[in-house]
Amino acid sequence: MERPDGWIAPVRYLPGVPQPSEPPTFASLYPHQDAAGSDGADDAEAENELSQRDRAENVSMHALTRRGISRRELERTLRERDLDDSVIDYELDRLERVGLIDDIALAQNLVGTLQERKGLGRQGIAAELTRRLLAPAAIEYALELVDSGDELARAREIAEKRARQLGGLDREVAVRRLSAFLARRGFGGSTVRAAVDHALAPPSRGSKVRFR
């Protein structure tokens, strides 16, 4: 007999029936109860993981529609959503398998954009790729694509355009300002000096700058 509060009446054995050494437990009398509870917990855990995977996919697709994104950038975004580590790793690996995130391809594209549109030198490109959280191997590979000859030609072109805005300045002042401008663009010291010398003509008797 079982009361509503879960109390089980003691078991009485008939005369002549051997008694067990240990009294029966609830689990031995109702083994299906434990199994059902365990299955329920497993089902809830599996359902939660599937729900998190759906959330991770939605977050990823939204981020990828805005711009190219590195693996670590996307990882940071997913971690902000309080997703489980296993779910984040699954989503990142899935996107890499289908080619939606590719650090090397992204680094290559960024090099071209940073050179042509923003006029950045090698150091400036390296800083921007690092800021985008690209893998070190991808950054190293992409920087190998930066040709030193092309970089000098680009620095000279930028210096010539900038020098036209420095008319009327003493040469020393013009050299200092133009050098600082190119350095902020991420060009190295030797490239800056060569570009400045190219853009600013040697001083004449007067103290003003002449341009090529």
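Above this text you will find the structure in question.
## Topic: the packing of aromatic side chains
Enumeration according to the criterion identifies 0 aromatic pairs in this entry. When the ring centre of Y90 is taken as origin, the NZ or CZ atom of R53, which lies over that ring, is 3.7 Å away. One Lys or Arg, R162, reaches over the ring of F181 and ends 4.3 Å from the middle of that ring.

## Describing helix α9 (residues 171-184)
The end-to-end C-alpha separation of α9 is 20 Å, in line with the 20 Å expected for 14 residues at 1.5 Å each. The complete set of buried residues in α9 reads A174, L178, F181 and L182. Within α9, the buried residues cover an arc of 95° as seen down the axis, which keeps them to one side. Among the exposed residues of α9, those oriented more than 90 degrees off its buried face are E172 and R184. Tucked inside the fold, the buried residues of α9 contact α8 (148-163) and α10 (189-199). The first or second residue beyond α9 is G186, which carries a positive phi of 95°.

## Concerning a negative patch on the surface
Together, D42, D43, E45, E47 and D84 make up a region of like negative charge exposed at the surface. By secondary structure assignment, the location of E45 is in helix α2 (residues 31-66).

## Quick look at the packing of helix α5 (residues 103-116) against helix α7 (residues 136-143)
It is at 9 Å that the axes of α5 and α7 come closest, and there the two elements cross at 40°. Considered as vectors, α5 and α7 are oriented oblique to each other. Classified by chirality, the crossing of α7 by α5 is right-handed. Along its contact with α5, which presents D103, I104, A107, Q108 and V111, the element α7 presents A138, Y141 and A142. Looking at the contact of α5 with α7 residue by residue, the class counts come to 6 nonpolar, 1 polar and 1 charged.

## Some remarks on unusual backbone geometry
Although it is not a glycine, D82 sits at a positive phi angle of roughly 60°. Along the polypeptide, D82 turns up in the loop between α3 (71-79) and α4 (85-97). On the basis of relative accessible area, D82 is assigned to the exposed category, the value being 65%. Of note in this structure, L133 is not a glycine but carries a positive phi near 60°. Mapped onto the secondary structure, L133 falls in the loop between α6 (122-131) and α7. By relative accessible area, which is 16% here, L133 ends up buried.

## Regarding the side chain of E91
Following the sequence through the fold, E91 ends up in helix α4. A distance of 2.9 Å separates a polar atom in the side chain of E91 from a polar atom in the side chain of R94. Those residues in contact with E91, other than ones at most four positions away along the chain, are A56, E57, S60 and L78.

## Overview of the pattern of salt bridges
Under the counting rule described, the total for this entry stands at 11 salt bridges. For R71, the salt bridge goes to D93, with nearest N and O atoms at 3.2 Å. Taken together, the residues R71 in helix α3 and D93 in helix α4 connect sequence positions 22 residues apart. Where E73 meets R132, a salt bridge forms, and the shortest distance between an N and an O atom there is 2.8 Å. Taken together, the positions of E73 in helix α3 and R132 in the loop between α6 and α7 put the pair 59 residues apart, joining distant regions of the chain. On the basis of relative accessibility, which here comes to 4%, the residue E73 falls in the buried class.

Calculation criteria
- Residues numbered from 1 in each chain as written.
- Predicted model: local features only at pLDDT ≥ 70, side-chain atom pairs only at ≥ 80, totals over all residues.
- Heavy atoms only, no water.
- Phe/Tyr/Trp six-rings, centres within 6.5 Å; stacked < 30°, edge-to-face > 60°.
- Lys NZ or Arg CZ within 6 Å of the ring centre and 35° of its normal.
- Helix = DSSP H or I, 4+ residues; strand = E, 2+ residues; numbered from the N terminus.
- Expected span 1.5 Å × (residues − 1).
- Buried < 20%, exposed > 50% of the residue type's maximum accessible area, 1.4 Å probe, protein only.
- Arc of directions from axis to C-beta.
- Contact = heavy atoms within 4.5 Å.
- Patch = residues over 30% accessible without salt bridge, like charges linked within 9 Å, V, L, I, M, F, W, Y side chains within 5 Å.
- Areas by Shrake-Rupley, 256 points an atom, 1.4 Å probe, with all protein chains shown as cover.
- Salt bridge = Lys/Arg side-chain N within 4 Å of Asp/Glu carboxyl O.
- Lys, Arg positive; Asp, Glu negative; His and termini not counted.
- Charge placed at Lys NZ, Arg CZ, Asp CG, Glu CD.
- Axes fitted to C-alpha atoms, helices over the stretch in contact; angles between N-to-C directions.
- Parallel < 35°, antiparallel > 145°, perpendicular 65-115°, else oblique.
- Left-handed = near helix turned anticlockwise from the far one by under 90°.
- Nonpolar A, V, L, I, M, F, W, Y, C, P; charged D, E, K, R; others polar.
- Polar contact = N/O pair within 3.5 Å; in protein donor to acceptor, adjacent residues only side chain to side chain.

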